[in-house]
Amino acid sequence: MMQGAAPRQRREPVTVTVTGAAGQIGYALLPRIASGAMFGPDTPVRLRLLEIPAAVRVAEGVVLELEDCAFPLLAGADVFDDAAQAFSGANYAILVGARPRQAGMERADLLAANAGIFAPQGEAINEHAAQDVRVLVVGNPANTNALIAQAHAPDVPERRFTALTRLDHNRALAQIARRTGAGTDEITGLTIWGNHSSTQFPDVSQVRFAAGVQADIAALQDRQWLEDEFIPRVAKRGTEIIDVRGASSAASAAGAVVDHIHDWALGTPAGEWTSVGLLSHGEYGVPEGVFSSFPAISRAGDWQIVPDLELEDWARARIDASTDELVAERDAVRALGLV
Ligand SMILES: NC(=O)c1ccc[n+]([C@@H]2O[C@H](COP(=O)([O-])OP(=O)(O)OC[C@H]3O[C@@H](n4cnc5c(N)ncnc54)[C@H](O)[C@@H]3O)[C@@H](O)[C@H]2O)c1
């Protein structure tokens, strides 16, 4: 008789709720979570997927495909159109589903439409998720949607709410690698500051390269390249993708979600930080009470903002411009009585 391989020692499954599961990010993200890319090869995952009723059937189709991938780590996948059920027992909640901006829609209308999604989802997380729930908001406007969800989950520690700026971080990393010739894994010290929007500030002032790397390090001192090419290209990369691909970023957004939660769950590598949208308490002069992107490390499942980095005057001005935009968004949802 043939002897099979010894079964792997597996941990308890992690329950992950993903909203907007029938959308294009969902399609790129769910197989990666189920494959083990997010929590490693020894941690099974149970997926709970939330969709609007009209898209439930499509999400069920995605579940059929997940089944057909025969992922050894997938401990189950269920689709719901009810937030209370979808967030029940969630250890991680990834909020992707959002209302896109439609032609003629004012910013206040967009914020109000999304508040109608993120306020009840915050409440459902507060009531039904696991005690240790950790939340990542992806749906745009991600920073302010995170603020709305967090404001409706008073029993969840506020640092368990984050907004995705890892895609901006990865985009900037890729552009630095391209310009200098270094590998993306040979570059540290990059920070995205501010809003996940075209006002964001990708800051290379603290960038370091791995010892012995063959790279054009001086290129990062080229202020003209930074201001005229690098910063606008990173900040407007979403538009570039739409122009070229004919659809918005999905594979790269899913990749950034995997990176964000992977580092949150398992820790950022020693000596490195990444970029995370976190609720400000005035760190680096960012006004209190907005979700801004900061440099952050993850230890034991908690994000900590990296302290004491020096900011040049021009960097300060750019960070202020982006956080002014966040304050305006916050004030707009406050005027609607939502936070
Ligand atoms: N933060 C980032 O870096 C980043 C990057 C890329 C995209 N995004 C944003 O992510 C969001 C999703 O992008 P996509 O390309 O997958 O969009 P998509 O339109 O393909 O999919 C969105 C899905 O969300 C669902 N949905 C809408 N309202 C919902 C609700 N109340 N509950 C559950 N599901 C709901 C829709 O039915 C749809 O299936 C957009 O807001 C997009 O702007 C953010």
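To keep things clear, this report deals only with the structure shown in the data block. (Residues numbered from 1 in each chain as written. Predicted model: local features only at pLDDT ≥ 70, side-chain atom pairs only at ≥ 80, totals over all residues. Heavy atoms only, no water.)

Of all residues adjacent to the ligand, which total 24 residues, the nearest are Gln24, Ile25, Glu51, Val138 and Asn140. Interatomic distance of 3.3 Å between a backbone N/O atom of Gly20 and a nitrogen atom of the ligand. Glu51 places a side-chain nitrogen or oxygen 2.6 Å from an oxygen atom of the ligand. Its free accessible area being 860 Å², the ligand has 79% of it covered by the protein chains. (Near = heavy atom within 4 Å. Polar contact = N/O pair within 3.5 Å; in protein donor to acceptor, adjacent residues only side chain to side chain. Areas by Shrake-Rupley, 256 points an atom, 1.4 Å probe, with all protein chains shown as cover.)

Moving on to the pattern of salt bridges. Applying the stated rule across the entire model yields 10 salt bridges. Arg159 is the salt-bridge partner of Glu283, the closest N and O atoms lying 3.5 Å from each other. Of this pair, Glu283 sits in the loop between strand 11 (274-279) and strand 12 (291-299) while Arg159 sits in the loop between helix 5 (142-151) and strand 6 (161-163), and the two are 124 residues apart along the sequence. When the shortest N-O distance is used, the salt bridge between Asp222 and Arg179 registers 3.7 Å. With a gap of 43 residues between them, Asp222 in the loop between strand 10 (208-209) and helix 7 (223-235) and Arg179 in helix 6 (residues 166-180) connect regions that are remote in the sequence. (Salt bridge = Lys/Arg side-chain N within 4 Å of Asp/Glu carboxyl O. Helix = DSSP H or I, 4+ residues; strand = E, 2+ residues; numbered from the N terminus.)

Attention now moves to the side chain of Arg48. Following the sequence through the fold, Arg48 ends up in strand 2 (residues 45-50). Salt bridges are absent for the buried Arg48, whose nearest opposite-charge side chain, Asp78, sits at 4.8 Å. Within the structure, Arg48 has its side chain in polar contact with the backbone oxygen of Ala86 (distance 3.5 Å). Here the side chain of Arg48 touches Ser88 through a polar contact of 3.4 Å, landing on its backbone oxygen. Ignoring anything within four residues of it in the chain, the contact list for Arg48 reads Thr15, Val16, Thr17, Val18, Asp78, Phe80, Gln85, Ala86 and Ser88. (Buried < 20%, exposed > 50% of the residue type's maximum accessible area, 1.4 Å probe, protein only. Lys, Arg positive; Asp, Glu negative; His and termini not counted. Contact = heavy atoms within 4.5 Å.)

Here we take up the packing of aromatic side chains. Tallied over the entire structure, the rule returns six aromatic pairs. Aromatic pair Phe39 and Tyr92: ring centres 5.0 Å apart, planes at 50°, arrangement tilted. On the criterion of sequence distance, the pair formed by Phe39 in the loop between helix 1 (24-35) and strand 2 and Tyr92 in strand 4 (residues 92-95) is long-range, its members being 53 residues apart. Using a relative accessible area of 9% as the deciding quantity, one classes Tyr92 as buried. (Phe/Tyr/Trp six-rings, centres within 6.5 Å; stacked < 30°, edge-to-face > 60°.)

Another aspect to go through is the nonpolar core. Val16, Leu29, Ile33 and Ile94 are the most contacted members of the largest nonpolar core, which totals 74 residues. Counting residues per element, this core draws most heavily on helix 9 (residues 251-266), at seven residues. When residues no more than four places from it in sequence are discounted, the contact partners of Val16 are Ile33, Phe39, Val45, Arg46, Leu47, Arg48, Tyr92 and Ile94. (Core = buried A, V, L, I, M, F, W, Y, C linked by side-chain atoms within 4.5 Å.)

Another aspect to go through is the pairing of strand 2. Most of strand 2 sits inside the fold, with five of its six residues counted as buried. By the bridge criterion, six bridges tie strand 1 (residues 14-19) to strand 2 in an arrangement that is parallel. Across the sheet, the residue bridging to Thr17 is Arg48, located in strand 2. Assessed by its sense of winding, the connection that carries the chain from strand 1 through helix 1 to strand 2 is right-handed. As defined by bridge partners, strand 2 adjoins strand 3 (residues 74-80) across six bridges and the pair is classed as parallel. By the bridge assignment for strand 3, Leu47 is matched with Ala77. Chirality of the crossover, the property in question, places the unit of strand 2, helix 2 (residues 56-68) and strand 3 among those that are right-handed. (Pairing = 2+ DSSP bridges. Right-handed = clockwise from strand over helix to strand, strands pointing away.)

By themselves, these observations are geometric and do not establish any function.
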